[in-house]
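Take a look at the letters that make up each chain.
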Amino acid sequence: MNRPAESPSVPALDLKAQYRAIRDEVEPIVLELMESQQFVLGPNVAGLEAELASYCGARHAVGCASGTDALLLPLMAWGIGPGDEVITTPFTFFATAGVIWRLGAKPVFVDIDPVSYNLDPSRLAEAITPRTRAIIPVHLYGQAADMDPINAVAAEHGLKVLEDAAQAIGAGYKGKRAGVLGHAAAFSFYPSKNLGGFGDGGMITTDDPEFASRLARLRVHGMEPKYYHAEVGLNSRLDAFQAAVLRVKLRHLDSWTAARRAVAESYRDHFEAAGLGALVTLPTELPRRIHVYNQFVIRVDPALRDPIRAMFTEEKVGTEIYYPIPLHLQECFSSLGYQPGDFPVSERAARETIALPMYPELSADAIRRVVDLLAHFYRGRNLLPSRREHAA
Ligand SMILES: *Cc1c(COP(=O)(O)O)cnc(C)c1O
C-alpha cells in the first residue's frame, strides 16, 4: 500500500492566495480612500450597490454592515415581529434563524431535501399557519434552492420570500441569478464567502424601489431627512473601505466562480478514478442550476466522519463541518419545543457531511492529495480494494 507522498499542507480556505493575485489593484484604491477620509457610505458604496444590482440582474441593491443585517433589515421593513412566524431550514448558518428570533417572531423549521441540502418545498405547505408571514430559503453551499415551488406556495398564501444568498453570489437558477429569485435577497461579504471583503459587510437586492428606500433609511436609524425619525432602525452601513475592496473583487468574481467549478470537476474526476463512488457522496448540481461551490461538501458513513477528519488534520488538510447541530436542536431555541428526530434529513446531514478544501486557487496537486488521502484511509480499513486489485 503506497502512502501518498509527504506534501505541503492544504488549508480549507486560502485567502492569502487570492490577495496576492489582486494586491496591485487593491492597494492604490485603499490608499486613495485613506486620502479621501470618506469612510461611511459615499461613492464607493453607491458604486458597489449599482454594480452588484446589475451583476444579479436586480433593480436595486442596498449595502449594510453584514449578511446577518441583510437578513434582518428586510424582515424589519416587512414589519415582522411578535406573533409572526417565519419559515426556514434548520440546516443553515445560525444567522438565518437568529434574525427571526431577534425580532420577536418565531422561526418555524422545514426539513431539507437530502440531495441539495436546501429547504424541501414539498414540506412547506404543512408548516404554514395563519401567522406565517415569510419564507427564508437558503442557497446552501452555493446552489440555489428550488425557488419556483417555494414562490408558488408563497404567492398562494401571500407570504414574502427572502433569499439567504450569503453563500451563493452568482449562483444560477433557470437562467437567473440568486438575488432576483424572491422579493428580496441577502448577501454576505464575510471574508470566507465567494465575494469576501476585508472584514464584515452585506447587501440586499430587490426590484422594488420603495422597499429599497425603506431599507436605506432603516440602515441609518430610520432617519429621513437628517435628524427626523419616522421609525426606528439600526446603524448598519457598509463601510466605504469594504465597498472599495469589493468593487475590485467583483470584477474577478466570474473567473473565481469558474475556477471553483473547475476544482469541483477535478474532485469528481479524482473520486471516480479512485473508485470512491460507493463510499463517498459528492455534491450534486441539479438541472438548470449553476452551483458556485462556496463549499464542496461530501457525505460519508457517520461512524467514519470523525476518524476521517482526524486523519485529514494529521495530514495537515483543513476540513470543516457545516453544520454539526441543526438549528432546531440549538439550546437557545429549546423553548420552540423541537425534539431530536423532528427533522431527520437535516439531522442526518449534520452527522454525515464534511467540507473539503475549496477555493479558486486550489491546485491540481492539492486536490489529488486530498482524494488520495481519503482513498488511503478507506483502503486501510479494507473498505476499498488495493490499487492493484482495483485495476484488475
Ligand atoms: C455567512 C452567512 C450568513 C451571515 O453573514 P454574516 O455576514 O456573517 O453576518 C447568513 N446566512 C448564511 C447561510 C451564511 O452562510
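Residues numbered from 1 in each chain as written. Predicted model: local features only at pLDDT ≥ 70, side-chain atom pairs only at ≥ 80, totals over all residues. Heavy atoms only, no water.

1. Concerning the UniProt feature "active site" (unreviewed entry) in the protein chain
Summarizing the sequence annotation, UniProt attributes the feature "active site" (unreviewed entry) to Lys193 in the numbering used throughout. You can see Lys193 is positioned in the loop between β8 (184–188) and β9 (202–206). (UniProt positions renumbered as here; feature names shortened; annotations may be inferred. Helix = DSSP H or I, 4+ residues; strand = E, 2+ residues; numbered from the N terminus.)

2. A look at the state of the cysteines
Evaluation of the coordinates by the stated rule reveals zero disulfides. Among the cysteines around Cys56, which has no disulfide bond, Cys64 carries the closest sulfur, lying 13 Å off. The exposure class of Cys56 is buried, given its relative accessible area of 4%. (Disulfide = S-S within 2.5 Å. Buried < 20%, exposed > 50% of the residue type's maximum accessible area, 1.4 Å probe, protein only.)

3. Looking at the pattern of salt bridges
This structure, assessed with the given rule, holds 16 salt bridges. Here Arg214 makes a salt bridge to Glu231, at a shortest N to O gap of 2.8 Å. Residue Arg214 is located in helix α6 (residues 209–218), and its partner Glu231 is located in the loop between α6 and α7 (240–250); the two are separated by 17 residues in the primary sequence. You can call Glu231 buried: its relative accessible area is 18%. (Salt bridge = Lys/Arg side-chain N within 4 Å of Asp/Glu carboxyl O.)

4. Quick notes on the site of the ligand
Around the ligand, the structure places 16 residues, and the nearest of them are Gly67, Thr68, Asp164, Ser188 and Lys193. Ser188 is positioned with one of its side-chain polar atoms (N or O) 2.6 Å from an oxygen atom of the ligand. The contact in question runs from an oxygen atom of the ligand to an N or O atom on the side chain of Lys193, over 2.5 Å. Isolated, the ligand exposes 380 Å² of accessible area, and the fraction of that covered by the protein chains is 93%. (Near = heavy atom within 4 Å. Polar contact = N/O pair within 3.5 Å; in protein donor to acceptor, adjacent residues only side chain to side chain. Areas by Shrake-Rupley, 256 points an atom, 1.4 Å probe, with all protein chains shown as cover.)

5. Some thoughts on the environment of Leu140
Mapped onto the elements of the fold, Leu140 is located in the loop between β4 (132–136) and α5 (147–157). Along the backbone, Leu140 and Gly83 are 57 residues apart, and their C-alpha atoms lie at a distance of 28 Å. If we ignore the near neighbours within four places in the chain, the residues touching Leu140 are Phe91, Thr92, Tyr117, Asn118, Gln167 and Tyr323. (Contact = heavy atoms within 4.5 Å.)

6. Quick word on the sheet that holds strand β3 (residues 106–109)
Across the sheet, seven strands lie side by side as β1-β9-β8-β5-β4-β2-β3; this open sheet has mixed pairing. The open sheet terminates on both sides in strands that have one partner only, identified here as β1 (60–64) and β3. The mean angle between the axes of side-by-side strands here comes to 25°, regardless of whether they run parallel or antiparallel. Note: strand β2 (residues 85–88) against β4, four bridges, orientation parallel. Pairing of Ile87 across the sheet is with Ile135, part of β4. Packed on one face of the sheet, helix α3 (residues 67–77) meets β1, β4, β5 (160–164), β8 and β9 and runs near 160° to β8. (Pairing = 2+ DSSP bridges. Axes fitted to C-alpha atoms, helices over the stretch in contact; angles between N-to-C directions.)

7. Here's the deal with the domain arrangement of the protein chain
As assigned here, the protein chain comprises domain 1 (17–250) and domain 2 (253–391). In this assembly, 48 residues from domain 1 lie in contact with 35 residues from domain 2. In this assembly, domain 1 packs against domain 2 so that about 3700 Å² is buried in total across both faces, 60% of it on carbon and sulfur atoms. Across the domain 1-domain 2 interface, the total number found is two salt bridges. A salt bridge links Arg289 to Asp146, with the shortest nitrogen-to-oxygen separation between them at 3.6 Å. Our count for the contact surface shared by domain 1 and domain 2 stands at 23 residue pairs in polar contact (both at pLDDT 80 or more). For the side of domain 1 that touches domain 2, the elements supplying multiple residues, two or more each, are α1 (15–36), α4 (95–102), β3, β6 (172–173) and α7. Along the lines of polarity and charge, the residues of the side of domain 1 that touches domain 2 split into 27 nonpolar, twelve polar and nine charged. (Domains from an automatic or database assignment. Buried area = accessible area lost by both parts, 1.4 Å probe. Nonpolar A, V, L, I, M, F, W, Y, C, P; charged D, E, K, R; others polar.)

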